[in-house]
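For reference, the chains in residue letters:
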Amino acid sequence: MTANSSVFCIGELLIDFYCTDVDVGLVDGKNFEKQAGGAPANVCASIVKLGGKAQFSGKVGNDAFGCFLKKTLDDCNVDTSLLLIDDEHPTTQSFVSLTADGERDFIFNRGADTFVTEGELNKEGIMKNNILHFGSATALLDEPFQSVYINLMRDGNNQGKLISFDPNYRENLWKGRVDKFKELAKQGMAVADFVKVSEEELKILSGMEDLIEGVMALHRMGAKTLAVTLGAEGTMISNGEEHEIVSSMKVISIDSTGAGDAFVGATLYQLSKAECPKTVLANFEELKTIISFSNKIGALVCTKVGAISSLPTESEVLQFTMYNSQKINLFL
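Report on the accompanying structure. Throughout this document, residue positions are counted from 1 along each chain, in the order its sequence is written. It should be noted that, the model being predicted, local features are given only for residues of pLDDT at least 70 and side-chain atom pairs only at 80 or more, the latter also being counted only at that level, while totals for whole chains, interfaces and linings use all residues. Each side-chain value is worked out from all heavy atoms of the structure, with water and hydrogens disregarded.

## Some points on the overall build of the protein chain
For the protein chain, the count of helices and strands is eleven helices and 14 strands. Relative accessibility under 20% of the residue-type maximum defines a buried residue, over 50% an exposed one, and the middle range a partly exposed one, all with a 1.4 Å probe and only protein chains included. Residues counted as buried form 55% of the 332 residues belonging to the protein chain. Put simply, 71% of the contacts in the protein chain that link residues at least 6 apart link residues at least 24 apart. Looking at the protein chain as shown, the accessible area adds up to about 14000 Å², and 51% of this sits on carbon and sulfur atoms. In this description a helix means any DSSP run of H or I spanning at least four residues, a strand means any run of E spanning at least two, and both kinds are numbered starting from the N terminus. Only heavy atoms enter the contact rule, under which two residues are in contact if any of them lie within 4.5 Å. The Shrake-Rupley method, run with a 1.4 Å probe sphere, supplies the accessible areas, and residue values consider only the shown protein chains as cover.

## With respect to the sheet that holds strand β2 (residues 14–19)
Strand pairing within a sheet occurs via backbone hydrogen bonds; the two strands may be parallel or antiparallel. Two strands qualify as a pair provided DSSP detects at least 2 bridges between them. The strand order β3-β2-β7-β8 describes an open sheet built from four strands, whose pairing is mixed. If you trace the sheet from one side to the other, it starts and ends with β3 (32–37) and β8 (104–109), each paired once. With strand direction ignored, the average angle separating the axes of adjacent strands in the sheet is 25°. The pairing of β2 with strand β7 (residues 93–98) spans four bridges and is parallel. Directly across from D16, in β7, lies its bridge partner S94. Fitted lines through C-alpha atoms give the axes, limited to the stretch in contact for helices. The angle between two N-to-C directions lies from 0 to 180 degrees.

## Notes on the environment of S238
As for its placement among the helices and strands, S238 is situated in strand β13 (residues 235–238). Its relative accessible area of 1% is what places S238 among the buried residues. Spatially, the C-alpha atoms of S238 and L226 are 5.2 Å apart, while their sequence positions differ by twelve residues. In contact with S238, not counting residues within four places along its chain, are V215, H219, K224, T225, L226, H243 and F284. Throughout this description, a polar contact denotes any pair of N or O atoms lying within 3.5 Å of each other; where both atoms belong to protein, one of them has to be capable of donating a hydrogen while the other can accept it, and for residues adjacent in sequence the pair is counted only when both atoms sit in side chains. Engagement of the side chain of S238 in a polar contact is seen with the backbone oxygen of E242, the distance being 3.5 Å.

## Structural notes on the packing of helix α1 (residues 39–49) against helix α8 (residues 259–272)
Where α1 contacts α8, the axes come no closer than 8 Å and their chain directions differ by 45°. Taken as axis vectors, α1 and α8 run oblique relative to one another. Judged by the sense of rotation from one axis to the other, the crossing of α1 with α8 is right-handed. Mapping the contact onto sequence places A39, N42, V43, S46 and I47 in α1 and D261, A262, V264, G265, A266, L268 and Y269 in α8. Along the lines of polarity and charge, the residues of the contact of α1 with α8 split into eight nonpolar, three polar and one charged. For classification purposes, an angle smaller than 35 degrees is called roughly parallel, one larger than 145 roughly antiparallel, one from 65 to 115 roughly perpendicular, and anything else oblique. The handedness criterion is simple: a crossing whose near helix is rotated anticlockwise from the far helix by less than a right angle is left-handed, and one whose near helix is rotated clockwise is right-handed. The residue classification treats Ala, Val, Leu, Ile, Met, Phe, Trp, Tyr, Cys and Pro as nonpolar and Asp, Glu, Lys and Arg as charged. All others, Gly included, are polar.

## What about unusual backbone geometry?
Residues E143 and P144 are joined by a peptide bond in cis, for which omega reads 10°. One non-glycine residue, D23, adopts positive backbone phi at about 55°. Relative to the helices and strands, D23 resides in the loop between β2 and β3. By relative accessible area, D23 is classed as partly exposed at 45%. Look at N168: it is not a glycine, yet its phi comes out positive at around 55°.

## Remarks on helix α2 (residues 64–75)
Between the first and last C-alpha of α2 there are 16 Å, a value that for twelve residues agrees with the 16 Å anticipated at 1.5 Å per step. Turning to α2, its buried residues are G66, L69, T72 and L73. Take α2 and look down its axis: the buried residues cluster within an arc of 125°, on one side only. Set apart from the buried face of α2 by more than 90 degrees, the exposed residues are A64, C67 and D75. For α2, the secondary structure elements touched by its buried residues are β2, β3, α1, β4 (53–57) and β5 (59–61). In this structure D63 caps α2, since a side-chain oxygen of it lies 3.3 Å from the backbone nitrogen of F65. Multiply 1.5 Å by the residue count of a helix minus one, and that product is the helix's expected span. Taking the helix axis as origin, the arc is that swept by the directions to the C-beta atoms.

## Thoughts on the nonpolar core
Here, the term nonpolar core denotes a set of buried Ala, Val, Leu, Ile, Met, Phe, Trp, Tyr and Cys residues that are joined through side-chain atoms within 4.5 Å. Counting 49 residues, the largest nonpolar core has F134, F165 and V228 as the members making the most contacts within it. When sequence neighbours within four positions are dropped, the list of residues in contact with F134 reads I10, Y149, L152, M153, I163, S164, F165 and D166. In terms of nonpolar packing, the next biggest core, distinct from the first, is built from 41 residues, C44, V60, V78 and L287 among them.

Structure (structure tokens):
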């Protein structure tokens, strides 16, 4: 695996205001710290932090927050040449508080990321990438970005690109519209080569409680290679014929924000090193090795606060793995 081609990600780039008060929800929170966020941006940052190449497209406002976000990605060496600047709408903001168990309380104030249009996209530039990732939590919510997002997935699929899709369901964003979410997610899965869902998303999309039955239901909807993240238990991977749970590392979770994005970024980083990424997906044993590494990345992100700031390098992952192996051996 030596190609190291670039991965393209599209979606929201936003400001996360983290509540720094201990174990409170947003109702009681008073103090907040600014962080760069947005699922596709997190994926890009993860890829680059590990040593890969990533290109981001989305829209931010022509304001101080938009400048801060562009600078953050530039400083990470993410390619922002396709980033769009909106003179009419402000940069999207999210307010996040953390409870003692690492779970999150969210409020979104949507802005510029809603207003991406077909004519603004540099499709020639986008299609120079071999892997296109669609993992936005907000892109499917409203027009015009909703249609732009789905159409770009289909265009990439028609041009033979590896399409990665993470539906990225957020309950508070889809209240009263879960059926619409399911309909749009199914359209995405139908053209995706790699689909990542959480256990919650699997149940919502399949309508089934049983893990294996849910996985097979998503394959029938068109998902080719499927990864179901199961938290501390690891990740179920399936290609429709074989399936297996790949275990993860045990860590003390401080903040789970961005763990799923880091998992996806680590997976796409490894695929980007292959001459033919789709061939790698077809090799189940090689896929298990990839997912094992991605599980470690996701676990390590949970040990720090902040989606982008908590991302580890490949050497840090190896050091952490060796340290834990030595600790385990002491008790054998």
